[in-house]
Structures are given as C-alpha cells and as structure tokens.
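# Residue-level structural notes
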Amino acid sequence: MLVAHNEQKELVQLHRQFSREELQRLRQQQQFFCPQCQEPLQLKIGQIRIPHFSHFQQSDCEALFSERESQTHLLGKQHLYEFFERLALSPQLEPYLPQIKQRPDLLIEYVNRQFAIEFQCSNLQREIFLERTLGYIRAKITPIWILHTPQRKKNGLGIQKITLNHTLAQYMMQNNGQRYLITYDVASKTFYYYSNLLHVHKTQYLASINCIPLAHQRFPLLNQTKISRTKFEF
C-alpha cells in the first residue's frame, strides 16, 4: 500500500519526494492506519522494495482485500499515479470505495466519467476478476485493467502469433470491433498494446504488437487502428 491515515485522519501518500531520512522521521513521529479497515499499519523502508505501508500479520483486511505487493506492482502504481497527475487528471491513489467495498489502484475522472485503473501483476482467479469488474460497473465506474508486460513478450513487435491462457484472455477489452490488451513494463516505462486479437485455436491468437513510452502516452489510452484480416497472412 502507498496510502494510509495518520492519527489525525489525514491521508499520507508515499511519493518519490520523500527522502529516506524524511520517511524515518515520519515513522518515528506518527502512527498509521488502513483507510479501509482502520487497523494499524507499519511503514516499511527496506532496501529491496520501495517504501510502503503494510498490514501486520493476521490482518483480516490483508486476507480479504489485499495481495502481497511486489516491487513491480508498487513501482507501477507510482508510475501511473505520476502519469495521470502530469495530465492534470487529479488521480486518487488506492481510494477505498465503501459502496462496493473495493480499492482500485487508482481512480481518475475524465469528461465527467470515473475510471478505475487496475495494474495487475499476479494471477487473478476469474471469479474475483468478474466480481471486481462488475462491482465497478454497478458503481458506474469504468474499469481499465493494465497487465504487467511478461518478460518474454518484450522482444518482438508487429504481427505475431501469441499464446494467451484463459487467465490473460479475461482481460481483453473491445473497441470499434477489435479486441486488445494493454500491458505496462515498469523497467522500461513502456506500454505494450496487443491489438486486433484474432483467435486461431485454443490459446493461440494472432495479434498486432506495438509499444509506446510512458512519456508519450495520453488519456484516453491510445487505441490501435483496426487492420484488415489480409494483413495477418504470413
């Protein structure tokens, strides 16, 4: 987690502007609590993962609503927060939505519509994915699922045959008659688009793969142009 409440019920967000010395003083001077369950949190300032808040062991909140966050997930949320902030979209980081009891990674508003941004770095059971997606839809919030780019997918661009298991395929979105996936690579700060997805057999798909650096990205997230089936011929 990158957000917490202090004893005064003020929201504390961990951003890059905090030095390690400032964080250590903050940890000594304040106590922190989960905005969702109100349980105490610990501020971790380690050498491997970026500074973050964490529930103590045996937390019901941790078991029901949170997943153990990797360095990749924490960094990705931080990158995306800064990206939406640069676009002046006033992003909310990890806001708890009591009406649906969910906490998206980010919540933004654009042209009088709300969007929940989920940066997914771990496998998510289909039942949980559907529950979260339908929760947002019931609250009139549009969910946007962004996957972490698999290491093996970073090398090739252009039209390729790819494998999408059922877990990955559930994140497909559709626009103007074409199916696509959006992924984000934290290391290179690059979005990868798997667009014009055409099912071939079982878990095999043809896809047009393109990338765009975070610095050049816009919102709404760029949609790729639909291409004709003839261009998929090898």
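To start, this report covers the structure provided alongside it. (Residues numbered from 1 in each chain as written. Predicted model: local features only at pLDDT ≥ 70, side-chain atom pairs only at ≥ 80, totals over all residues. Heavy atoms only, no water.)

### Some words on helix α3 (residues 71–86)
- Given a rise of 1.5 Å per residue, 16 residues ought to cover 22 Å, and the 22 Å separating the end C-alpha atoms of α3 matches this to within 8%.
- Within α3, the full set of buried residues consists of His 73, Leu 74, Leu 75, Gly 76, Lys 77, Gln 78, His 79, Leu 80, Tyr 81, Phe 83 and Phe 84.
- Immediately downstream of α3, the backbone of Ala 88 shows phi near 60°, a positive value. (Helix = DSSP H or I, 4+ residues; strand = E, 2+ residues; numbered from the N terminus. Expected span 1.5 Å × (residues − 1). Buried < 20%, exposed > 50% of the residue type's maximum accessible area, 1.4 Å probe, protein only.)

### Some words on the environment of Ser 195
- Its place among the elements puts Ser 195 in strand β13 (residues 190–201).
- Polar side-chain contacts of Ser 195 include one of 3.3 Å to the side chain of Asn 196. (Polar contact = N/O pair within 3.5 Å; in protein donor to acceptor, adjacent residues only side chain to side chain.)

### Examining unusual backbone geometry
- For the peptide bond that leads from Phe 219 to Pro 220, omega is 0°, which places it in the cis range.
- Position of Pro 220 relative to the elements: it lies in the segment after β14 (204–213).
- Positive phi is not limited to glycine here, since Val 111 has a value of about 50°.
- Of note, the phi angle at Lys 202 is positive, near 50°, even though the residue is not glycine.
- Inspection of the secondary structure puts Lys 202 in the loop between β13 and β14.
- On the accessibility criterion, Lys 202 (64% relative accessible area) is exposed.

### So, the environment of Asp 185
- Its place among the elements puts Asp 185 in strand β12 (residues 178–185).
- Overall, Asp 185 belongs to the buried group, its relative accessible area being 3%.
- Separated by 38 residues in sequence, Asp 185 and Leu 147 have C-alpha atoms that sit 8.7 Å apart.

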